[in-house]
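Fold and contact review
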Amino acid sequence: MDNEEIIKKLRQNKSNKFNNKIMKSKYISNLFTRTLLSVIVILISAIYVNMNDENLKNYKEKLFENSLSFTKISKSYNKVFGKVLPLELDKGTTKTVFNEGISYNNIEKYEKGYKLDLTSNAVTALYDGIVVFIGNKDNYENTVIIQGSDGVDIWYGNINDVGVNLYDYVSKDTMLGQANDSKLYLVFNKENDYLGYENYLK
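This section reports on the structure supplied with the text.

The rules behind these values
Residues numbered from 1 in each chain as written. Predicted model: local features only at pLDDT ≥ 70, side-chain atom pairs only at ≥ 80, totals over all residues. Heavy atoms only, no water. Pairing = 2+ DSSP bridges. Helix = DSSP H or I, 4+ residues; strand = E, 2+ residues; numbered from the N terminus. Phe/Tyr/Trp six-rings, centres within 6.5 Å; stacked < 30°, edge-to-face > 60°. Buried < 20%, exposed > 50% of the residue type's maximum accessible area, 1.4 Å probe, protein only. Salt bridge = Lys/Arg side-chain N within 4 Å of Asp/Glu carboxyl O. Core = buried A, V, L, I, M, F, W, Y, C linked by side-chain atoms within 4.5 Å.

Glancing now at the pairing of strand β1 (residues 104-110). On a regular strand, one side chain projects to one face of the sheet and the next to the other, so that they alternate. By the bridge criterion, 6 bridges tie β1 to strand β2 (residues 113-118) in an arrangement that is antiparallel. Across the sheet, residue Glu-108 finds its bridge partner in β2, namely Lys-115. Where β1 folds back on β2, the antiparallel hairpin that results is connected by 2 residues, among which Glu-111 adopts a positive phi of roughly 50°.

Now for the packing of aromatic side chains. Overall, the coordinates contain 7 aromatic pairs when judged by the stated rule. Ring geometry for Tyr-114 and Tyr-197: centres 4.9 Å apart, planes at 75°, overall edge-to-face. Note that Tyr-114 is positioned in strand β2 and Tyr-197 in the segment after β11 (193-194), a separation of 83 residues in sequence. Judged by relative accessible area, which is 10%, Tyr-114 ranks as buried. Overall, Tyr-197 belongs to the partly exposed group, its relative accessible area being 24%. Ring centres of Tyr-140 and Tyr-185 lie 6.1 Å apart, and the angle between their planes is 75°; this geometry places the pair in the edge-to-face category.

The next subject is the environment of Lys-172. With respect to the helices, strands and loops of the structure, Lys-172 is situated in the loop between β8 (169-170) and β9 (175-179). Along the primary structure Lys-172 and Thr-124 are separated by 48 residues, whereas in three dimensions their C-alpha atoms are 7.5 Å apart.

Once that is clear, we can look at the pattern of salt bridges. Overall, the coordinates contain 3 salt bridges when judged by the stated rule. Between Lys-115 and Glu-108 there is a salt bridge; the shortest N-O distance is 4.0 Å. Linking Lys-183 and Asp-117 is a salt bridge whose minimum nitrogen-to-oxygen distance equals 2.9 Å. Taken together, the residues span a long stretch of sequence, with Lys-183 in strand β10 (residues 183-190) and Asp-117 in strand β2 at a distance of 66 residues. We classify Lys-183 as partly exposed; its relative accessible area is 30%. Using a relative accessible area of 18% as the deciding quantity, one classes Asp-117 as buried.

In spatial order, the strands read β3-β9-β7; together these 3 strands make up an open sheet with antiparallel pairing. In this open sheet, the two strands that pair with only one neighbour each are β3 (122-124) and β7 (159-160).

Glancing now at the nonpolar core. Grouped together as the largest cluster of nonpolar side chains are 23 residues, with contacts concentrated most on Val-123, Tyr-156 and Leu-186. Mapped onto this core, the elements with two or more residues apiece are β2, β5 (141-147), β6 (153-157), β9 and β10. Residues Val-132, Ile-145, Trp-155 and Tyr-185 belong to the second largest nonpolar core, which totals 6 residues.

Burial analysis of β10 places 6 of its 8 residues in the buried class, which makes it a mostly covered element. As judged from the 4 bridges shared by β2 and β10, these two strands associate in the antiparallel manner. Counted as the bridge partner of Lys-115 is Tyr-185 from β10. The pairing of β6 with β10 spans 5 bridges and is antiparallel. The residue bridging Ile-154 from the neighbouring strand is Phe-188, located in β10. With 2 bridges connecting them, β10 and β11 associate as antiparallel partners. By the bridge assignment for β11, Lys-190 is matched with Asp-193. Where β10 folds back onto β11 in an antiparallel hairpin, the turn is made up of 2 residues, including Glu-191, whose phi is positive at roughly 50°.

What follows is the structure in structure tokens.
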């Protein structure tokens, strides 16, 4: 190896180290900015709720009593802070089954949604989304709610052997569980508006 090559490699190493330092500096600066903004948001929230009882009541209603919209939060977060993790990260943790959707013989109006008589007990996700609720809902029994990227919450009621966890990302046709007695309750809800099933079922 001659002198020119050695000098060239040394310059290249120096340049790489310099670029790495700049990247680390930008990362730390970005992380500091995000942390500072988060602290400011928390402080503003604390000041707002402590100003008077009406503010506290409004804060509780908006945050704890209404359904949390992960779609809105995600869009706002990505605008302010940028994307942290790809949405597809957890796709490998769920099991996809037949891509036939939910197969049923009969559908009828039920409460705020619909009751389906399934041809099979298997319940699969109609669309991609995030699991935002698992638990008992009045008149719907054990229910899984999945919020899609369009902000529509789809409730899957009367199911057992639930195969997903809270805040899992699930893809279309992921196995959610088994319908009791082949009866499935479906509700389509967007910001407290209950929607028809026509756009969601084949």
